[in-house]
Amino acid sequence: MLDYIIITDSSCDLPDSLVRELELTVLPLSFIMDGKTYRNWPDNREMSPGEFYNKQREGLMATTNAVNVGEAADALESALRQGRDALVLAFSSGLSATCSSFQIAAQELCEKYPDRKIQVVDTLCASLGQGMLVYQAAKLRQAGKSMEEVRDWVEANKLRQCHYFTVNDLFFLKKGGRVSAATAVVGTMLQIKPVLHVDNEGHLISVAKARGRRASLTALVDKVGELAEDPASQTMFISNSDCAEDAQFVADEIRRRYGAKEIVINSIGPVIGAHTGPGCVALFFTGRHR
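Residues numbered from 1 in each chain as written. Predicted model: local features only at pLDDT ≥ 70, side-chain atom pairs only at ≥ 80, totals over all residues. Heavy atoms only, no water.

1. Describing the pattern of salt bridges
For the structure on display, the rule yields 16 salt bridges. Close ionic contact of Glu 46 with Arg 39 constitutes a salt bridge, the shortest N to O distance being 3.7 Å. According to the relative accessible area criterion, Glu 46 is partly exposed, its value standing at 32%. The partner of Arg 213 in a salt bridge is Asp 246, with the nearest N and O atoms 2.9 Å apart. Placement of Arg 213 in helix α9 (residues 213–227) and of Asp 246 in helix α10 (residues 244–258) is noted, with a sequence separation of 33 residues between them. By relative accessible area, Arg 213 is classed as buried at 14%. (Salt bridge = Lys/Arg side-chain N within 4 Å of Asp/Glu carboxyl O. Buried < 20%, exposed > 50% of the residue type's maximum accessible area, 1.4 Å probe, protein only. Helix = DSSP H or I, 4+ residues; strand = E, 2+ residues; numbered from the N terminus.)

Listed below in structure tokens is the structure:
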């Protein structure tokens, strides 16, 4: 048994099958919808993405909560009590307070367990971009790398995790303050679809505009040609909010144009989906830079 665990949070949007295969500990973030609080587990035990996006289409809005210090401490202490160290790969500090909660909990527990080690990494990533980084770290752990070696690799490579996505409806980006009301109205009328990414500070920014849905999906694929390192040999990730056919189109185009063989597709969970709404497609790959 390896002497450390990898902990992350459910904003990583990894499929439950991979969570179990890679022996990850995933803390669920929570969301509130129609007055009830749900937790966003990897196996979607409290609400499936399909149900969540149908509720959004019916007009229900959701708010989200970060992992708090108590929840972070409970997850960490569970490992420490077993005599194991913990490597935390947390949701971008540019988008959530989750990383800060882990850092505070780690500081408190280091005093209680002086013989154990806790390393907290701000991934500056989100959704399956975070999931991709966690996946890569877990593969290194399986290969026998120490916690320090994995942490150092993550720190050296996290700004090479490219995040590009587009949405079909600007309403949710407007609600979250990502685009102005005027931009949302004009963009909707003209069928303008934004292409966004997560920058080196872990913030969400708009980088391009495309006319029509198919053009915006193709723009995601184009980014692979611009930035990806050896696309045929890397595992890429695509997440989507209840638009699996569009995600499959992006995957098929990447395979056709760049020879990619390994592509993981999964749903965007409710915590990320609360801000994107239905119809979001996000592509993640390793590039020369973001």
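Read on, since the account is not over.
2. Quick look at the pairing of strand β1 (residues 4–9)
Judged by how many residues are buried, β1 sits mostly within the fold: six of six residues are covered. The alternating pattern of β1 places Tyr 4, Ile 6 and Thr 8 and Ile 5, Ile 7 and Asp 9 on opposite faces, both of which are buried. Judged from the four bridges that link them, β1 and strand β6 (residues 85–90) form a sheet pairing that is parallel. The residue of β6 that forms the bridge with Ile 5 is Ala 86. Two elements, β1 and strand β2 (residues 25–27), share three bridges in a ladder whose sense is parallel. (Pairing = 2+ DSSP bridges.)

Note that all results are geometric; they support no functional claim without further evidence.
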